[in-house]
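# Coordinate inspection notes
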Amino acid sequence: MANSIGEQMIQMNIGATNQLAQASCVRCKGGFQPNEQMVNSNGEIYHEECFVCAQCFQKFPDGLYYEFEKVKYCEHDFHMLFAPCCGKCEEFIVGRVIKAMNNNWHPNCFTCQTCNSRLADVGFVKNAGRSLCRPCHNREKANGLGKFVCHKCHTLIDETPLRYKGDTYHPFHFNCETCGKELTSEARELRGELYCLPCHDKQGIPICGACRRPIEERVVRAMGKTWHVEHFVCAQCEKPFLGQKHYERGGLAYCETHFNQLFGDVCYHCNEVIDGDVVSALNKSWCVKHFQCTCCNGKLTLKNKFIEYDMKPVCRKCYEKFPVELKKRLKKAAEAERKH
């Protein structure tokens, strides 16, 4: 147990009384000189230089010491000699010790190895050499059987689960927020509440064209439908567009790369499929009529001298009007690109 002497350093006149004149240091058994400083720790009197750790013989930092079997130690040596080491943080444990899995743990460090919830007061299950809480153990057991675990009663779900806030449940645990009917797996979540299908449809909430579930946050409107942002994806690579351009063909949306691969080149300027000749420059494709200077809109051909600026073509005449420092940076960047 930790103690503090409050540094009861008492300036005492030893010769004042016979009692103090006969006092002796608990450690060295020696007496005290008149007006000598002494340390009084719980009724035990020490010379100031004698009040030290029994292991390292150093003074106690801030007067804090630990006592075991009537012997006083500094915090470091007490931990080294008597305190167990935590199996997770590897720090000494002072106070409550959890003994489990052939190791010692701080109560806050003994956690489920799947969800990190504390296990000290709720118990655990040993699973393949790991300490798991019961819900995680049941979940892993369910995964092995190809089933879901209810997050309310923590038992296996044999039928189709109801999904609520990302977790799975038995539907019979819930009732519709509006009409109070017991819900089925077809229930819909809206603003944190659950509704049966008829009551939900009365709310006027848009439905995602991909997952057919309600959209409560940002809505993407495209191709005559509404979508969750993460569900409006390229039909070929399935990557979300996230606000980038998409190209439609046959009722499906494609990113530029896969649209070009499947159906031909798209003009960088007008975003239309190029039917005639294609101008390829700056790693892009252009209609002949749209390959032009980005500054003056003057028509360009591959025979014209043009300079790349911000991934777009600039004619020589407009380039000469650029500030000197900008032209130097562009020239330096072009030289570096050629070296690579």
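The structure this text deals with has already been given above.
Summary of the structure given here. (Residues numbered from 1 in each chain as written. Predicted model: local features only at pLDDT ≥ 70, side-chain atom pairs only at ≥ 80, totals over all residues. Heavy atoms only, no water.)

### A short note on the pairing of strand β4 (residues 44–47)
Direction of pairing for strand β3 (residues 37–41) relative to β4: antiparallel, over a ladder of four bridges. Among the inter-strand pairings, S41 is bridged to a residue of β4, identified as E44. Linkage of β3 to β4, two consecutive antiparallel strands, is achieved through a turn of two residues, within which N42 is found at a positive phi near 55 degrees. (Pairing = 2+ DSSP bridges. Helix = DSSP H or I, 4+ residues; strand = E, 2+ residues; numbered from the N terminus.)

### Here's the deal with the environment of E248
For E248, the position within the fold is in strand β19 (residues 247–249). We classify E248 as partly exposed; its relative accessible area is 45%. Residues E248 and C234, 14 residues apart in the sequence, show an inter-C-alpha distance of 9.7 Å. Aside from chain neighbours lying at most four places away, what touches E248 is M223 and F259. (Buried < 20%, exposed > 50% of the residue type's maximum accessible area, 1.4 Å probe, protein only. Contact = heavy atoms within 4.5 Å.)

### Here we look at a nonpolar patch on the surface
A cluster of nonpolar side chains, contributed by F68, M80, L81 and F82, occupies part of the molecular surface with about 360 Å² of accessible area. Tallying contributions element by element places helix α2 (residues 75–82) first for the nonpolar patch, with three residues. The residue F82 is located in helix α2 in this model. (Patch = residues over 30% accessible without salt bridge, like charges linked within 9 Å, V, L, I, M, F, W, Y side chains within 5 Å. Areas by Shrake-Rupley, 256 points an atom, 1.4 Å probe, with all protein chains shown as cover. Salt bridge = Lys/Arg side-chain N within 4 Å of Asp/Glu carboxyl O.)

### Here's the deal with the pattern of salt bridges
Two side chains bearing opposite charge may form a pair once their charged atoms approach each other closely. Inspection of every chain in the model, using the stated rule, returns six salt bridges. Here R316 and E320 are joined by a salt bridge, their closest N and O atoms 3.3 Å apart. Residue R316 and its partner E320 are located together in helix α6 (residues 316–320), separated by four residues, close to a single helical turn. Take R316: its relative accessible area is 39%, and that puts it in the partly exposed class. As a salt-bridge pair, K327 and E320 come within 3.6 Å of each other at their nearest N and O atoms. Linked through salt bridges whose partners overlap, the residues forming this network are R316, E320 and K327.

### Section: the pairing of strand β18 (residues 225–228)
Judged from the four bridges that link them, strand β17 (residues 219–222) and β18 form a sheet pairing that is antiparallel. By the bridge assignment for β18, V220 is matched with W227.

### Remarks on the state of the cysteines
If you walk through the whole model with that rule in mind, you get zero disulfides. As a non-bridged cysteine, C28 has C25 as the owner of its nearest cysteine sulfur, 3.8 Å distant. Taking the relative accessible area as the measure of exposure, C28 reaches 41% and is therefore partly exposed. (Disulfide = S-S within 2.5 Å.)

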